[in-house]
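# An overview of the molecular structure
These are the residues of each chain, in order.
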Amino acid sequence: MLLRHTPKEITERTALTINPAKTCQPIGAMYASLGIHGCLPHSHGSQGCCAYHRSTLTRHYKEPISASTSSFTEGASVFGGQANMLQAINNIFSVYDPEVIAIHTTCLSETIGDDLKQIKKKAQDEGKIPAGKTVLGANTPSYVGSHVTGFASMTKSMAMLAEPKGKKNGKVNIIPGWVEPCDMEEIKRLMRLIGVKSIMFPDTSGVLNGPLSGEYKMFPEGGVTIDELKSCGDSCGTLALGEWCSADAARWLDAKCKVPCKVLDMPFGLAATDRFIDALRTVAGVTIPEEITLERGQLVDMISDMHQYLYHKKVALVGDPDQLIAMTEFLVSLDMWPTHIVTGTPGKRFEERIRELTKELPYEVNVKAAGDMFLLHQWIKNEPVDLLVGNTYCKYIARDEDIPYVRWGFPILDRQGHQYFPTVGYKGGIRLLEKILGVLMDRLDRDAPETKFELVM
Amino acid sequence: MATATATKKKSAQWDPAEVKKELLAKYPAKVARKRAKQIMINEALGNETPEISANVRTTPGIITMRGCTYAGCKGVIMGPTRDIVNITHGPIGCGFYSWLTRRNQTDAGPDGENYMTYCFSTDMQDSDIIFGGEKKLERAIQEAYDLFHPKSIAVFATCPVGLIGDDIHTVTKRMKEKFGDCNVYAFSCEGYKGVSQSAGHHIANNQVFRHIVGENDVPKEGEFKINLLGEYNIGGDGFEIDRVLKKCGITPLATFSGNSSYDQFASAHQADLNTVMCHRSINYVADMMETKFGIPWIKVNFIGAHATAKSLRKIAEYFGDQKLIARVEAVIAEEMPAVTAALKEITPRTEGKTAMLFVGGSRAHHYQELFTELGMKTISAGYEFAHRDDYEGRQVIPSLEVDADSRNIEELEVEADEKRFKPRKSAKELATLEKAGYRFKDYDGLIPDMEKGTLVIDDLNQYEAEKLVELMQPDIFCAGIKEKFSIQKLGVPMKQLHSYDSGGPYAGFKGAINFYQEIDRLVNSKVWSYMKAPWQTNPQLSATFAWE
């Protein structure tokens, strides 16, 4: 047993987090920044933060992740990091020549009280930011929120680049939230099919799913451009996917630039995708093309074909709030039984929303925000499940408890495919279902006695 | 810089002076001056090598390979020890990123204590930053104790802990006294200390030495007892080294810190010889153990089949036991045929190829042994976090300047332990060995082993890495995960020598064979020939088809 010290008996913990179901804000800001075209993310802190975030993102995407750091020493920690950041800005533009530097803070620079705005102004005044280049920033102290809120903060900082000219641009802002590059591509495909012109931010497609061609592009083709971001204050509306990841940016544009917004769930599964497509229809005032209705029908067809393998199967879930909300709704719609649900990201609203989505079930779900995977494991020991869904760290629970397991979320360090095969939209729903059925049916095959071993399933 | 292309055409020659000039060309003047001192064209002058600048700050904004002090302390040194509950005191990230990501293997047996699969953190919130985190830390230690009753709990400081002034050492001391049966101690390894991971190694080793080594006097059985210092069991290296040592009849008592346990550290003072693998991360522990307990130390290297054989002979020669010497020769004779057979099969495909190594504080040196065995030449190498002595040899240590960043890393004052100090050899025995050419506490560094005209580069960064590959066209590049894919995008295979990608072990005899096979796979993989589609290599249309 790899988690051999985890007891079944649950005792209250008020100070010790064990096996976290979240990580810190800066990595979310770094991931979001990579969704800006020509952007070098910059970590204002000590070297380790940047090294850890780059390593984790690299292991998840199997792609180069370029990002720089202010390389704080003890001296900078005492006297402030302004000198380090000014030097960094100068060096970055001289050596790497990005279009954009997106700075995020860390627990170190926040604790000593470095003021990003003031440092940026000083850099500007000293001529360290070349003409036409952009420097933006987000405050992401690691002791607040989680990687999810860090992503949301940087996304909001992107929205704050809006420079409305007062003339509508005929586009819809789409804020996809922390999804995979292929998910962003899939959302854009759906919007193209429907005929909605859009500005998507952040957009990591074309950045973190690049080709191998003998050429290294430090700044690949993808990503939202600064011109697009400037123009997003003139868009007809904003669709924000995910309350946790995307709503802040959308609401800011609504309040400051009068761009009306709609906050939707992330379009994972049937019902959430239905709402997303319907929202696009309303925004664009068009009829939904037959192609999309066909995709929807294919997902419904697969659910009906395979319903017997899903019915009343218990599921444990761990991940980020927006993803878990959509996934819980999807599982309920499949007549599966989400049983234990944990996110590390704080927020009571998450628990309320999950309770709302599961209120028709004949039992009360275990749900916890600001929880950890140690608690999830203990819940599983007390009430075993048929399926586990979560990031790579779940493999230890899955092995110890012998539970069929689908990797979904962040980070995935030990399997491929998440960069390339979307799980949003109807086609993504089919992909999710394929993965769930794959592990459930592999288990049936593994455990079937010879007399009951089935050819046709 | 935004785009670079490595053509597959081999450049026949490169001029190191030109390469160096190119590397520096784009830097602002101040950065160029600093980097010039860290980029050295090797003159191959042995111990009179010119000075290289190392263990100095990375310039802000330059994309470095380096990590931080916490990573060196909690991740590298304490990470591989299985039965200590390691609590990170800080916001959640640091604990999360150092959770199971270094491929340190461990063997706790079916029932042994093993907390390496767990991540423990106080997950500090803004209220803890404002009001202080000591109370939360105390509760966290109590909760860990109540849940697991471990023999030891360690606490690791992250950046904000030092800034807000949490006194972690007082908290841990109080909890140790309260529990009575659990050793609790702390590491002041805030990420901003020092200039790289190296400071963290030092902080970790100091505390292990201060709080654990010497705690267990219950005699350990075994002949020819040694410790292995600076071996972290990445990909199972330590398992292979232990296999070979045991086969020779040598008793590996403690490894710092691959596949280690608390008790190994606590009993390590009972060994009769310390062998040092990674000089950078731990040579000072070897010195302190010699002063305190009387254990001599030697530098060894188990990376490379011939280096392994040499190290085994060196250990046997120290003990001077004829049976041991004969046993070591018999083991080498038994292990080498498989090595020779593998090389005979593989070297025709690797001979004459070139490598670059930028990793660690010893691996950029040690792994050159394996490349040499494959008939490959290392054309450029350097460390991520080493000091001058790792480049130039230990003779420079007395002349090393202590700068502001090193001064805050504690140096322990050590004296002979009244009860436990015991000279392992008499002065006469030591003199006889040394007279016969035996070298104690000796390391010549990387530079003397590299050829004239090769480039030695400290703290290589992403920009320079890309330039080097473009200009010098190596057949393989070795560094870490952050560097892996930018190099491979250029069409050059990249081998991770921190975590070994998914491979290993590469130490010892069997490890060497694994490595030969791995490098053969990498440099001869068909994938590197797929970079261009047929219509890109031959874009001209010679005829048009008319489709009906």
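These figures come from a predicted structure and were not determined experimentally.

Here we come to the overall build of chain B. Scanning chain B from N- to C-terminus turns up 22 helices and 15 strands. Over its C-alpha atoms, taken along the principal directions, chain B stretches across nearly 85 × 65 × 55 Å. Within the span of chain B, comprising 548 residues, buried residues form 64% of the whole. Summarising the internal contacts of chain B: among those between residues at least 6 apart in sequence, 77% fall at separations of at least 24. Of the roughly 21300 Å² of accessible surface on chain B, 52% is carried by carbon and sulfur atoms. Counting 67 positive and 73 negative side-chain charges, chain B places the averaged centre of each group 3 Å from the other.

The next thing to look at is the domain arrangement of chain A. Residue and element names in this part refer to chain A. Examined at the domain level, chain A breaks down into domain 1 (25-153), domain 2 (172-289) and domain 3 (291-451). The interface is formed by eleven residues belonging to domain 1 together with twelve residues belonging to domain 3. Together domain 1 and domain 3 conceal approximately 970 Å² of surface at their shared face, both sides included; 63% is due to carbon and sulfur atoms. Run the count over domain 1 and domain 3 and you get zero salt bridges.

Turning our eyes to something else, we now look at helix α2 (residues 47-61) of chain A. All names here are of chain A. The end-to-end C-alpha distance of α2, which contains 15 residues, comes to 21 Å, matching closely the 21 Å that a straight helix rising 1.5 Å per residue would cover. Counting buried residues along α2, 15 of its 15 residues qualify, which places the element largely inside the surrounding structure. Lys 62 sits one or two residues past α2 and shows a positive phi near 55°.

Moving on, we get to the packing of aromatic side chains. Tallying each qualifying case throughout the model produces 39 aromatic pairs over all chains. Look at B:Phe256 and B:Phe265: their rings are 4.9 Å apart centre to centre, the planes differ by 40°, and that puts the pair in the tilted class. Comparing B:Phe256 with B:Phe265, the two get one shared label, buried. Counting every residue linked through ring pairs, the aromatic cluster contains A:Tyr52, A:Tyr393, B:Tyr70, B:Phe96, B:Tyr97 and B:Trp99. Above the ring of A:Trp244, the side-chain terminus of A:Arg349 is found at 4.7 Å from the ring centroid.

Another point: the interface of chain B and chain A. The partner chain A presents 76 residues to the 87 residues of chain B that form the contact. Carbon and sulfur atoms make up 62% of the surface buried where chain B meets chain A, a total of about 7100 Å² over both sides. When the area that chain B buries against chain A is broken down by residue, the three leading residues are B:Pro60, B:Tyr97 and B:Lys489, summing to 12%. The tally of links from chain B across to chain A stands at two salt bridges. On inspection of chain B and its partner chain A, the count reaches 37 residue pairs in polar contact (both at pLDDT 80 or more). A per-element tally of the side of chain B that touches chain A places helix α6 (residues 134-148) of chain B first, with seven residues. Of the residues that constitute the side of chain B that touches chain A, the class distribution is 45 nonpolar, 25 polar and 17 charged.

Moving on, we come to the sheet that holds strand β12 (residues 337-343) of chain A. Residue and element names in this part refer to chain A. Strand order across the open sheet formed by five strands is β13-β12-β11-β14-β15, with parallel pairing between neighbours. Both outer strands of the open sheet, β13 (366-368) and β15 (405-407), are each paired with one neighbouring strand and no more. Across the sheet, the axes of successive neighbouring strands diverge by a mean angle of 15°, strand direction being ignored. Two strands pair when backbone bridges link them, and strand β11 (residues 314-319) and β12 are joined in this way by six bridges, in the parallel orientation. The residue of β12 that forms the bridge with Gly 319 is Thr 343. Each of β14 (387-390) and β15 touches helix α17 (residues 425-447); the most contacted strand, β15, lies at about 150° to it.

Let's shift gears to the nonpolar core. In terms of nonpolar packing, the biggest core is built from 270 residues, with A:Phe201, A:Phe276, A:Leu388, B:Ile141, B:Ile153, B:Phe187 and B:Tyr516 touching the most fellow members. The greatest single-element share of this core, amounting to nine residues, is contributed by helix α14 (residues 322-350) of chain B. Here A:Phe276 is in contact with A:Ile174, A:Ile187, A:Leu190, A:Leu239, A:Leu241, A:Leu264 and A:Pro267, once residues within four sequence places are set aside. With 47 residues, the next largest nonpolar core counts A:Ile119, B:Leu24, B:Ile63 and B:Ile379 among its residues.

If the charged atoms of two oppositely charged side chains come close together, the side chains can form a pair. Under the criterion given, the structure shown has 70 salt bridges over all chains. Note that A:Arg296 is salt-bridged to A:Asp274, the shortest N-O span being 2.7 Å. Remark: A:Asp274 occurs in helix α11 (residues 270-284) and A:Arg296 occurs in helix α12 (residues 290-310); sequence separation between them is 22 residues. For A:Arg415, the salt bridge is made with A:Asp414, and the minimal N-O distance between the two is 3.5 Å. Owing to a relative accessible area of 21%, A:Asp414 belongs among the partly exposed residues under this scheme. Within this structure, B:Glu240, B:Arg243, B:Lys247, B:Glu334 and B:Glu335 form a network of salt bridges that share partners.

Our next topic: helix α8 (residues 181-194) of chain A. Residue and element names in this part refer to chain A. Compared with the 20 Å implied by 1.5 Å per residue over 14 residues, the 20 Å span of α8 between its first and last C-alpha is a close match. Where burial is concerned, most of α8 is hidden: eleven out of the 14 residues are buried. One or two residues past the end of α8 sits Gly 195, with phi positive at roughly 90°.

In this section: the sheet that holds strand β4 (residues 100-105) of chain A. Residue and element names in this part refer to chain A. Strand order in the open sheet made by the four strands is β3-β2-β4-β5, with parallel pairing throughout. The open sheet is flanked by β3 (68-69) and β5 (134-138), the only strands paired with a single partner. As paired elements, strand β2 (residues 39-44) and β3 share two bridges and run parallel to each other. Counted as the bridge partner of Ser 43 is Thr 69 from β3. In the packing of helix α1 (residues 25-33) onto the sheet, the strands contacted are β2 and β4, and the crossing angle to β4 comes to about 170°.

The next thing to look at is the packing of α12(A) against α17(A). Residue and element names in this part refer to chain A. One can describe the packing of α12 onto α17 by two numbers: an axis separation of 9 Å at closest approach and a directional angle of 15°. Put simply, α12 runs roughly parallel to α17. With respect to the hand of their crossing, α12 and α17 are arranged in left-handed fashion. Counting all contacts with α12, which are made through Ile 292, Glu 295, Arg 296, Gln 298, Leu 299, Met 302, Ile 303, Met 306, Tyr 309 and Leu 310, the residues of α17 involved are Tyr 426, Lys 427, Gly 429, Ile 430, Leu 433, Glu 434, Ile 436, Leu 437, Leu 440, Met 441 and Leu 444. Here the contact of α12 with α17 is composed, by residue class, of 15 nonpolar, two polar and four charged.

Bringing a nonpolar patch on the surface into the picture now. A surface patch of nonpolar side chains, amounting to about 270 Å² of accessible area, comprises A:Leu212, B:Val527 and B:Tyr530. Within the secondary structure layout, B:Val527 lies in the loop between α21 (508-523) and α22 (534-537).

In this section: the packing of helix α13 (residues 305-319) of chain B against α14(B). All names here are of chain B. Look at α13 against α14: their axes get within 9 Å of each other, and the N-to-C directions meet at 175°. As judged from the angle between their axes, α13 and α14 are roughly antiparallel. Taken together, the residues of α14 that come into contact with α13 (itself represented by Ala 305, His 306, Ala 309, Leu 312, Arg 313, Ala 316 and Phe 319) are Leu 324, Ile 325, Val 328, Glu 329, Ile 332, Met 336 and Val 339.

Reading guide: rules and limits
- Residues numbered from 1 in each chain as written.
- Chains lettered and ligands numbered in written order.
- Predicted model: local features only at pLDDT ≥ 70, side-chain atom pairs only at ≥ 80, totals over all residues.
- Heavy atoms only, no water.
- Helix = DSSP H or I, 4+ residues; strand = E, 2+ residues; numbered from the N terminus.
- Buried < 20%, exposed > 50% of the residue type's maximum accessible area, 1.4 Å probe, protein only.
- Contact = heavy atoms within 4.5 Å.
- Areas by Shrake-Rupley, 256 points an atom, 1.4 Å probe, with all protein chains shown as cover.
- Lys, Arg positive; Asp, Glu negative; His and termini not counted.
- Charge placed at Lys NZ, Arg CZ, Asp CG, Glu CD.
- Domains from an automatic or database assignment.
- Buried area = accessible area lost by both parts, 1.4 Å probe.
- Salt bridge = Lys/Arg side-chain N within 4 Å of Asp/Glu carboxyl O.
- Expected span 1.5 Å × (residues − 1).
- Phe/Tyr/Trp six-rings, centres within 6.5 Å; stacked < 30°, edge-to-face > 60°.
- Lys NZ or Arg CZ within 6 Å of the ring centre and 35° of its normal.
- Polar contact = N/O pair within 3.5 Å; in protein donor to acceptor, adjacent residues only side chain to side chain.
- Nonpolar A, V, L, I, M, F, W, Y, C, P; charged D, E, K, R; others polar.
- Pairing = 2+ DSSP bridges.
- Axes fitted to C-alpha atoms, helices over the stretch in contact; angles between N-to-C directions.
- Core = buried A, V, L, I, M, F, W, Y, C linked by side-chain atoms within 4.5 Å.
- Parallel < 35°, antiparallel > 145°, perpendicular 65-115°, else oblique.
- Left-handed = near helix turned anticlockwise from the far one by under 90°.
- Patch = residues over 30% accessible without salt bridge, like charges linked within 9 Å, V, L, I, M, F, W, Y side chains within 5 Å.

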